Amino acid sequence: MAFDLDRLRESKDFLSTLLNNITSAIFIVDEAVRIQTFNDVFRALFQRPEDQVLGELCGNVLGCAYAVEEGKDCGQTSCCHACGLRQSVLKALTEDVFTYRAPLTRDFYVQGTRILKHFQYTVKSILYGDARMVLLILDDVTQIEEQKKTLEELNNLKNRFLGIAAHDLRSPASVIEMNSNFLLNYGAENFTGQQAELLTIIGERSRFILKLLEDLLDVAKIESGKLQLNKTKNRYPDFVAKTLALNRIIAERKGIRIDLSVRGDVPELMFDKNKMEQVLNNLIGNAVKYSEPGTAVLVEVVREGPVVTTKVIDRGKGIPAGEVPAIFQEFHRTSVDATGGEKSTGLGLAIAKKIVKGHGGEIGVASEEGKGSTFYFSLPVDKEQAT
Ligand code: ADP
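Parameters at a glance
- Residues numbered from 1 in each chain as written.
- Predicted model: local features only at pLDDT ≥ 70, side-chain atom pairs only at ≥ 80, totals over all residues.
- Heavy atoms only, no water.
- Helix = DSSP H or I, 4+ residues; strand = E, 2+ residues; numbered from the N terminus.
- Expected span 1.5 Å × (residues − 1).
- Buried < 20%, exposed > 50% of the residue type's maximum accessible area, 1.4 Å probe, protein only.
- Contact = heavy atoms within 4.5 Å.
- Pairing = 2+ DSSP bridges.
- Axes fitted to C-alpha atoms, helices over the stretch in contact; angles between N-to-C directions.
- Patch = residues over 30% accessible without salt bridge, like charges linked within 9 Å, V, L, I, M, F, W, Y side chains within 5 Å.
- Areas by Shrake-Rupley, 256 points an atom, 1.4 Å probe, with all protein chains shown as cover.
- Salt bridge = Lys/Arg side-chain N within 4 Å of Asp/Glu carboxyl O.
- Core = buried A, V, L, I, M, F, W, Y, C linked by side-chain atoms within 4.5 Å.
- Near = heavy atom within 4 Å.
- Polar contact = N/O pair within 3.5 Å; in protein donor to acceptor, adjacent residues only side chain to side chain.
- Nonpolar A, V, L, I, M, F, W, Y, C, P; charged D, E, K, R; others polar.
- Parallel < 35°, antiparallel > 145°, perpendicular 65-115°, else oblique.
- Left-handed = near helix turned anticlockwise from the far one by under 90°.

On to helix H7 (residues 193–223), then. Its 31 residues place the ends of H7 45 Å apart at the C-alpha level, agreeing with the 45 Å of an ideal helix rising 1.5 Å per residue. Those residues of H7 not exposed but buried are Leu199, Gly203, Ser206, Leu210, Leu213, Asp215, Leu216, Leu217, Asp218, Val219, Ala220 and Ile222. Tucked into the core, H7 has its buried residues touching helix H6 (142–186), helix H9 (273–289) and helix H10 (348–358).

Another point: the sheet that holds strand S1 (residues 25–29). What the 5 strands build is an open sheet, ordered S2-S1-S5-S4-S3; its pairing is antiparallel. The sheet terminates laterally at strand S2 (35–38) and strand S3 (99–110), the two strands that pair on one side only. Sheet twist, expressed as the mean angle between neighbouring strand axes with direction ignored, is 30°.

Turning our eyes to something else, we now look at a nonpolar patch on the surface. Taken together, the side chains of Phe14, Leu15, Leu18, Leu19 and Ile22 define a hydrophobic patch exposed on the protein surface, amounting to about 460 Å² of accessible area. Inspection of the secondary structure assignment puts leucine 19 in helix H1 (residues 5–21). On the basis of relative accessible area, leucine 19 is assigned to the partly exposed category, the value being 35%.

Attention shifts here to the nonpolar core. Formed by 46 residues in total, the largest nonpolar core has its most connected members in Tyr236, Met276 and Phe377. If one sorts the elements of this core by residue count, H9 sits on top with 7 residues. Counting residues in hydrophobic clusters, the runner-up holds 27 residues, among them Val29, Phe42, Phe46 and Ala92.

The residue leucine 93 is located in helix H5 (residues 84–95) in this model. For leucine 93, a relative accessible area of 14% gives the class buried. Taking the C-alpha atoms as reference, leucine 93 lies 74 Å from isoleucine 202; in sequence the two are 109 residues apart. Each residue touching leucine 93, except ones within four places of it in the same chain, is listed here: Asp30, Glu31, Arg132, Met133 and Val134.

Next up on the list: the site of the ligand. The environment of the ligand is formed by 20 residues, the closest being Asn286, Thr334, Thr345, Gly346 and Leu349. The contact in question runs from an oxygen atom of the ligand to an N or O atom on the side chain of asparagine 282, over 3.3 Å. Taking glycine 346, its main chain carries an N or O atom lying 2.7 Å from an oxygen atom of the ligand. Coverage of the ligand by the protein amounts to 98% of the 540 Å² it exposes when considered alone. Elements with a contribution of two residues or more to the shell around the ligand: H9, H10 and strand S12 (372–380). Per-element tally for the shell around the ligand: the top contributor is H9, with 4 residues. When grouped by side-chain class, the residues that make up the shell around the ligand number 7 nonpolar, 10 polar and 3 charged.

What follows concerns the sheet that holds strand S11 (residues 363–368). Taking strand neighbours across the sheet as the criterion, the 5 strands line up as S7-S9-S10-S12-S11 in an open arrangement whose pairing is mixed. Strands with a single pairing partner mark the edges of an open sheet, and in this sheet they are strand S7 (257–263) and S11. Here the average twist between neighbouring strands, direction ignored, is 15°. Sitting on the sheet, helix H8 (residues 236–253) is in contact with S7, strand S9 (296–304), strand S10 (307–314) and S12, with an inclination near 170° to S7.

With that out of the way, let us pick up H9. Spanning 17 residues, H9 covers 23 Å between terminal C-alpha atoms, matching the ideal 24 Å at 1.5 Å per step. Listed as buried for H9 are Met276, Val279, Leu280, Asn282, Leu283, Ile284, Asn286, Ala287, Val288 and Lys289. The residue sitting at the N-terminus of H9 and contributing the capping side-chain oxygen is aspartate 272; that oxygen lies 3.0 Å from the backbone nitrogen of asparagine 274.

Glancing now at the packing of H6 against H7. One way to put it is that H6 packs onto H7 with a least axis distance of 7 Å and a crossing angle of 155°. Between H6 and H7, the interaxial angle falls into the category roughly antiparallel. The element H6 and its partner H7 pack so that their crossing is left-handed. Per-class residue counts for the contact of H6 with H7 are 16 nonpolar, 10 polar and 6 charged.

Considering the arrangement of structural elements, one finds lysine 254 in the loop between H8 and S7. Given the relative accessible area of 15%, lysine 254 is considered buried. Within the local environment of lysine 254, its side chain forms a polar contact with the backbone oxygen of lysine 289, the two atoms lying 3.1 Å apart. Contacts of lysine 254, omitting those with residues within four sequence positions, involve Val288, Lys289, Ser291, Pro293, Gly294, Thr339, Gly340 and Glu342.

Once that is clear, we can look at the environment of alanine 352. Within the element layout of this structure, alanine 352 appears in helix H10. What makes alanine 352 buried here is its relative accessible area of 2%. Linking alanine 352 and phenylalanine 191, residues 161 residues apart in sequence, is a C-alpha distance of 41 Å. Those residues within four positions of alanine 352 in sequence are excluded, and the remaining contacts are Val279, Asn282 and Ile363.

The next subject is the pairing of S12. Pairing geometry for S10 and S12, over 7 bridges, is antiparallel. In the sheet register, valine 308 faces S12, and the bridge partner there is leucine 379. Bridge analysis of S11 against S12 gives 6 bridges, and the strand direction is antiparallel. In the strand pairing of S12, alanine 366 is matched with threonine 374.

What follows is the structure in structure tokens.
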């Protein structure tokens, strides 16, 4: 068969064009971790002349800070045993292990300057003729990592600001709430009907402001990683029953009944009582808020293998399907109005989700518009008890 040299040349050219136009740095090392070939992005990233790359040790060419500062070759420095990239290359060579987009954060010397770089590397063993080699793909994600860090710092600043603002507004709001209550309770005879009505509105609004500030403080605390769970071992059904008792008083004012059903053998659970009370109060409070008078809310506690699931089932207004996915996001409110004109901050479910997640559980909802909603969350059973 005639050997088509032109076609071979063409396909070689095509492959090298392809290789040089990919946005990742691509290079191949041999069994001694010496570079055998590399593309244009690699050249641009590490800025070395070709004769200082080909046949040279990988870490030396990359300008690994350990190799440069210890004056040693790649493979001989004090940190080579802990270098993820090196270990991946060796594993690819000896065990054919494939590494996909692993992170590498390290100081590198580029043209004499020490620079902190973030890479993601992919390592794959290849057979080139008879020789086993390793293909490496490096993506420089330094800019993305730096932007992520800036965003995290800004987010922390926002949380601190939110925390301070909410904290400082709490005392004046509670003074307004207490005084309006005091005037209504002890000076009612001095007010006209209209004045008393105004005082009632002031009391209601300041209670709402206080609730909003409490929620904002919770969000700021949780977001800045300061959610501290004080977990103790408790009989969960007893705890739920006790929490329901308080909610029943509010529900009865609206003519709504709350039932409790405990199914299966529910063991003692480890949880933070205050925080889980907050979760239950939110879910039951919502169920009452979006239900019509005369209906019932069912709270069901059931052991399901390694978890105990709590369901809060209402026969209320339900949530339109398109609005369900965003429901656990901060400040998210749906188009559904509360049946008794109650106010909503859109923070309760976001806080509940973070508390449940903090306990290692899951939270979710199944809802049908016009028929009602079932909010549920799980709490893990102790490993010992689960077995
Ligand atoms: P808030 O605590 O202010 O009520 P949530 O985060 O608890 O806020 O709830 C967010 C939104 O989810 C509510 O404004 C409401 O639109 C919707 N929602 C929550 N629970 C129910 C429910 N049981 N039935 C219908 N809509 C609900």
